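Below are the chains, spelled out letter by letter.
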Amino acid sequence: MSELIPEDWFEMNPFALNQADKEIKMRQTLTSLHHHHLQHCEAYSNLFSDASMDSLEDFPYLAVRLFKYLTLQSIPQEQVFKILYSSGTTGQTPAKVILDQDTSRRQSKVLVKVLQDFIGKKRMPMLIIDHPGVLKSKDSYSARGAGIQGLSMFGRQPIYALNEDMSLNIEVVQAFAETHKNQPVLLFGFTFMVWQHFLQSLRKSENALNLNSGILLHSGGWKKLEAQKVSNEEFKRVCRKTLNIEKVHNFYGMAEQVGSIFVECEAGHLHAPIYADVVVRDPQTLKVIDNNNPGLLQVLSIVPGSYPGNSLLTEDLGSVLGVDDCLCGRKGKYFQVLGRLPKTEVRGCSDTQA
Amino acid sequence: MIHRLKHFPEITYVLQPSEQQFSGKLSPFSEEIISFVNALSQALLKGSDSANQPNLVALGYWLRKSNIESIKSEFLGNSAYIYKPVGTVFHITPANVDIQFAYSWLISLLMGNLNIIRLSQQESEERTILLNVIGSIIDSQAYPNIASNNVFITYPHNDQITKAISLESDARMIWGSDTTTRAIKAITSKVSCRDIVFSDKYSICLLDLQGVSDYHQLANGLARDIQAFSQLACSSPKVIFSVGKSNLPEDLIDKVYRHLTKENYSSARTTNHLVAQQMCAARNELLKVVRLPQLTVLQLSAFSTEVLDWHNGEGLLYWINIESIEQLTNVIDEKCQTISHFNIDQTLLIKLINELPINTVDRVVPVGQALNFSIVWDGYDLTEYLSRKVTVIPGR
Ligand SMILES: [Zn+2]
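Rules used in this analysis
- Residues numbered from 1 in each chain as written.
- Chains lettered and ligands numbered in written order.
- Predicted model: local features only at pLDDT ≥ 70, side-chain atom pairs only at ≥ 80, totals over all residues.
- Heavy atoms only, no water.
- Helix = DSSP H or I, 4+ residues; strand = E, 2+ residues; numbered from the N terminus.
- Polar contact = N/O pair within 3.5 Å; in protein donor to acceptor, adjacent residues only side chain to side chain.
- Contact = heavy atoms within 4.5 Å.
- Donors = N, O, S within 2.8 Å, 3.2 Å for Na, K, Ca; no water.
- Tetrahedral: all angles 85-135°; square planar, octahedral: opposite > 155°, others 65-115°.
- Buried < 20%, exposed > 50% of the residue type's maximum accessible area, 1.4 Å probe, protein only.
- Expected span 1.5 Å × (residues − 1).
- Arc of directions from axis to C-beta.
- Domains from an automatic or database assignment.
- Buried area = accessible area lost by both parts, 1.4 Å probe.
- Salt bridge = Lys/Arg side-chain N within 4 Å of Asp/Glu carboxyl O.
- Pairing = 2+ DSSP bridges.
- Axes fitted to C-alpha atoms, helices over the stretch in contact; angles between N-to-C directions.
- Core = buried A, V, L, I, M, F, W, Y, C linked by side-chain atoms within 4.5 Å.
- Right-handed = clockwise from strand over helix to strand, strands pointing away.
- Nonpolar A, V, L, I, M, F, W, Y, C, P; charged D, E, K, R; others polar.
- Parallel < 35°, antiparallel > 145°, perpendicular 65-115°, else oblique.

1. What about the side chain of Thr-383 of chain B?
Residue and element names in this part refer to chain B. Within the secondary structure, Thr-383 sits in helix 15 (residues 382-385). In terms of polar contacts, Thr-383 uses its side chain to reach the side chain of Asp-381, at 2.5 Å. Those residues in contact with Thr-383 that lie beyond four places of it in its chain are Ile-71, Phe-75, Met-111 and Ile-375.

In structure tokens, the structure reads:
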């Protein structure tokens, strides 16, 4: 299957191609992948056997929720290497994503390529804003565990900032800051954890750290922070004040489309690397809408080969902010995520809360 | 009881309760009740706010004098028993059918009960209008016993409060999903408390278009049935079974669509319908899609109850052609509540009900009446369940 996705994708700088050239290249690979899934995934062929693909925007998309209900795969069972489960809230069916070795390898490669563009090639001492127990359940890959594991390879000697009960392990954190004073360090955690269990705990205990050469990467969505009316600006302000960190990068991605990683640049914009793209659609008509207008995000990626996840209609809202002209110098589309579609999955005739 | 509720600061009173204790002075269909219900009916039918709300007009119409009188005479009939209220009734009411609480409450009120009505925390325009109407009639002080015997509250998830009320209640009307109902049933209640449970159900529509040339009445009725409560009520049909015809009658669908009045659907509607469409297509069951601004119709090659899992209302119909009515007996499960029908012979309907498994289908009504409330609901005769029969055997 590797011939479907030429290796030269992964040799290039992930932000060097302008949008027009990138689309031509992506369309070729996506078209081969489309035919591959038509042949090897029955559900996909039932859905899209007569789809047309004249442009990236025409490319057929799967509603992301289908991964909750169906096992979608385009490889024989013996090639299944890893099954990824999304972190649904308790009681909800998690999404299920089937990976083979090639897809998994490409996912790691892409992650390295993209993140290195933001944090450099050198492995830094790493502080993980979570507790070590999150990795313990080996049999089921939780998105949180997988995220931490994926990011760990960018750091050295990872240290966990939290205790099992989510309280702050202040001694460990202070020792980390002291040992690596004025050195580049990497911090990673899920947005809500970082805010609630790290920044707020530090603030409450009136502790501040000096990590002036540090970089904080965080991901996982703003839903819970939105409820607390915490904006990205506020988040960054508190990081500056409490950690003395200037370099704070949010990134957007989802378990259902491995390898799609959109990192926030120095100008505060999420960037699509050459392996992936975003299209914004009207939530009512699903027609593509103009830049700067909010709508549903469709994400495209050349990374998945073992399952038909190359083009997905998400339930996230966002808008494209520009193409090829971000102040940071990266080419391609840049965009913002504006939250989720309000949940309206309802059960039966009534949903009283117990 | 009302005093005990004051121990819980989490409780919000949706209508300010009277300071008086429960009086317990009402009996089934007593004069004060009948007069109150009549006043409510008039206010809903004539009020300037409620007159624009079809669900409130339907409630007002259902409460009209003649209907209440006929329920009363059928109930009291020439029974040998003396009827008394059951006592205190705790209504745990749904969020997505926002005025369902009123039917639950009013039936219980007619039987003379004391009522604690727990409303969902989700407000809506029509619910606010209804509560204002009820509040203003209660405030008129013409109905002192009703004012003191009915408490409208809301509170966030709190088992302690639910338990405290359950321990004082003689009956609980539980409207909820299976998960919620299970959770509520697990909460300790008064030993003699009767639980009347309205769980997850779905409804279907059965049509025979053979020989039908004018779709006007059918289209109007279907639109009525799917429009109410954004098609989220159990009684709204989600599936249409059409006997005998093999094509999707697009002229009928177009007429149904024209009868739907503009509604503000949620921003997730299109995605929800897309999920249903793609799921059916992925399973190779999708034959045809008709997508109109207010209505999506997915024609399927066969029906399985799984397709209901990704049905989230807001104008989505599954359409299935069947060769004969008998085919239904194999596909309907115990969660089917209402069959609305059009152009189906009555003897065939009775035969169908007799052939279905013993625990399915609670109502069979003509198209257009799927949402009409009735005192017999989900198989319960609510007047019976919300009252007590007192045996009085005369002696010497
Ligand atoms: Zn940029």
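2. With respect to the coordination of the zinc ion
Each angle at a metal carrying four tetrahedral donors should ideally be 109.5 degrees, and each at a metal carrying six octahedral donors should ideally be 90 or 180 degrees. Residue and element names in this part refer to chain A. Surrounding the zinc ion are the protein donor atoms Cys-265 (SG), His-271 (NE2), Cys-326 (SG) and Cys-328 (SG), at 2.1 to 2.3 Å. What the four donor atoms of the zinc ion show is an angle range of 100 to 116 degrees at the metal, which sorts the shape as tetrahedral. Spacing between the donor residues of the zinc ion along their common chain follows C-x5-H-x54-C-x1-C. Of this pair, His-271 sits in strand 10 (residues 270-271) while Cys-326 sits in the loop between strand 13 (311-323) and strand 14 (333-340), and the two are 55 residues apart along the sequence. Accessibility expressed as a relative area gives 0% for His-271, which makes it buried.

3. A look at helix 9 (residues 232-243) of chain A
All names here are of chain A. Helix length check: helix 9, at twelve residues, gives a terminal C-alpha distance of 16 Å against a target of 16 Å (1.5 Å per residue), a fit within 8%. For helix 9, every residue scored as buried is listed here: Asn-232, Phe-235, Val-238, Cys-239, Thr-242 and Leu-243. Along the axis of helix 9, the buried positions cluster into a sector of 125 degrees, meaning they face one direction only. In helix 9, the exposed residues that point more than 90 degrees away from the buried face are Glu-233 and Lys-241. At its buried positions, helix 9 is contacted by strand 6 (185-190), helix 7 (191-204), strand 7 (214-219), helix 8 (223-227), strand 8 (247-254) and strand 9 (257-264). Asn-244 lies just past helix 9 and shows a positive phi near 60 degrees.

4. Quick look at the domain arrangement of chain B
All names here are of chain B. Looking at chain B, the domain boundaries give domain 1 (8-200 + 378-391) and domain 2 (202-376). For domain 1 versus domain 2, the distance between C-alpha centres works out to 30 Å. Across the boundary between the two partners, domain 1 contributes 21 residues, which contact twelve residues of domain 2. Overall, the association of domain 1 and domain 2 removes approximately 1400 Å² of surface from exposure, summing both partners, and the carbon and sulfur fraction of that is 63%. One can count one salt bridge joining domain 1 with domain 2. One salt bridge connects Lys-335 with Asp-178, and the closest N-O pair in it is separated by 2.9 Å.

5. A look at the pattern of salt bridges
Residues and elements named next belong to chain A. Evaluation of the coordinates by the stated rule reveals 23 salt bridges over all chains. Residue Lys-22 is joined to Asp-277 by a salt bridge in which the shortest nitrogen-to-oxygen separation is 3.7 Å. Of this pair, Lys-22 sits in helix 1 (residues 19-40) while Asp-277 sits in strand 11 (residues 276-281); the two residues are 255 residues apart in sequence, bridging distant segments of the chain. Each member of the pair, Lys-22 as well as Asp-277, is classed as buried. Measuring nitrogen to oxygen at the nearest pair gives 3.4 Å for the salt bridge that ties Arg-105 to Asp-102. Here Asp-102 and Arg-105 lie together in helix 4 (residues 101-119), a separation of three residues that amounts to about one turn. Judged by relative accessible area, which is 33%, Arg-105 ranks as partly exposed.

6. Concerning the sheet that holds strand 10 (residues 286-292) of chain B
All names here are of chain B. One open sheet accounts for seven strands, arranged 10-11-12-9-8-13-14; its pairing is mixed. Unpaired on one side and paired on the other, strand 10 and strand 14 (363-366) mark the two borders of the sheet. If you compare each strand with its neighbour and ignore which way they point, the axes differ by 20 degrees on average. Note: strand 8 (residues 202-208) against strand 9 (residues 237-243), six bridges, orientation parallel. Considered in strand 9, the bridge of Ile-204 is made with Val-239. Contacting strand 10, strand 11 (295-300) and strand 12 (316-322), helix 12 (residues 269-282) crosses the sheet at an angle of about 165 degrees to strand 10.

7. Some details on the nonpolar core
Ranked by internal contacts, the top residues of the largest apolar core, which has 145 residues, are Leu-187, Phe-198, Phe-235 and Leu-243 of chain A together with Leu-206 and Tyr-318 of chain B. In terms of residue count, the dominant contributor to this core is helix 12 of chain B (seven residues). The contact partners of Leu-206 of chain B, leaving out residues within four places of it in the chain, are Phe-241, Val-243, Ile-322, Ile-325, Leu-328, Ile-339, Ser-340, His-341, Phe-342, Ile-344, Leu-349 and Leu-352 of chain B. Leu-59, Ala-102, Ile-117 and Val-133 of chain B belong to the second-largest nonpolar core, a separate cluster that totals 73 residues.

8. A look at the pairing of strand 4 (residues 114-118) of chain B
For a regular strand, the rule is simple: side chains alternate between the two faces of the sheet. Residue and element names in this part refer to chain B. Across the five residues of strand 4, five count as buried, placing the element largely inside the fold. Burial along strand 4 is two-sided: the face carrying Leu-114, Ile-116 and Arg-118 and the face carrying Asn-115 and Ile-117 are both buried. Looking at chain direction, strand 3 (residues 88-92) and strand 4 are connected through five bridges and run parallel. Within the sheet, the bridge partner assigned to Val-89 lies in strand 4 and is Asn-115. The β-α-β motif built from strand 3, the intervening helix 5 (residues 100-110) and the parallel element strand 4 has right-handed crossover chirality. As judged from the four bridges shared by strand 4 and strand 5 (residues 150-154), these two strands associate in the parallel manner. Looking at strand 5, one finds that Arg-118 is bridged to Ile-153.

9. Observations concerning the sheet that holds strand 7 (residues 194-198) of chain B
Through backbone hydrogen bonds, the strands of a sheet pair up, either in parallel or in antiparallel fashion. Residue and element names in this part refer to chain B. Reading across from one edge, 1-5-4-3-6-7 is the order of the six strands in this open sheet, with mixed pairing throughout. The outermost strands of the open sheet, each flanked by one partner alone, are strand 1 (12-13) and strand 7. Looking at chain direction, strand 1 and strand 5 are connected through two bridges and run antiparallel. When the sheet's bridge partners are listed, Tyr-13 is paired in strand 5 with Ile-153. Against the sheet, helix 5 engages strand 3, strand 4, strand 5 and strand 6 (171-175), with an angle of about 170 degrees to strand 4. Relative to strand 6, helix 9 (residues 178-185) is tilted by about 160 degrees, and along the sheet it contacts strand 3, strand 6 and strand 7.

10. A look at the interface of chain B and chain A
If you look at the interface, chain B gives 41 residues, while chain A gives 30 residues. The contact between chain B and chain A buries some 3000 Å² in all, and 56% of this surface belongs to carbon and sulfur atoms. Linking chain B with chain A are zero salt bridges. Inspection of the region where chain B meets chain A yields six residue pairs in polar contact (both at pLDDT 80 or more). Of all the secondary structure elements, the ones that give two or more residues to the side of chain B that touches chain A are helix 9 and helix 12 of chain B. The residue inventory of the side of chain B that touches chain A, partitioned by class, reads 19 nonpolar, 17 polar and five charged.

11. Some thoughts on the packing of helix 5 of chain B against helix 6 (residues 125-139) of chain B
Residue and element names in this part refer to chain B. As a packed pair, helix 5 and helix 6 sit with axes 10 Å apart at the nearest point and diverge in direction by 30 degrees. In this view, helix 5 runs roughly parallel relative to helix 6, as classed from their interaxial angle. Of the residues in helix 6, those touching helix 5 at Phe-101, Ala-102 and Trp-105 are Arg-127, Leu-130, Leu-131 and Ile-134. Residue classes in the contact of helix 5 with helix 6 are distributed as six nonpolar, no polar and one charged.

12. Quick word on helix 5 of chain B
Residues and elements named next belong to chain B. Within helix 5, eleven of the eleven residues are buried, which leaves it mostly tucked inside the rest of the structure. Listed in full, the buried residues belonging to helix 5 are Gln-100, Phe-101, Ala-102, Tyr-103, Ser-104, Trp-105, Leu-106, Ile-107, Ser-108, Leu-109 and Leu-110. Two residues or fewer past helix 5, Gly-112 is found with a positive phi of approximately 85 degrees.

13. Some points on the side chain of Arg-65 of chain A
All names here are of chain A. If you trace the backbone, Arg-65 turns up in the loop between strand 1 (62-63) and helix 3 (66-69). Using a relative accessible area of 5% as the deciding quantity, one classes Arg-65 as buried. At a separation of 2.8 Å, a polar atom in the side chain of Arg-65 contacts the side chain of Glu-315.

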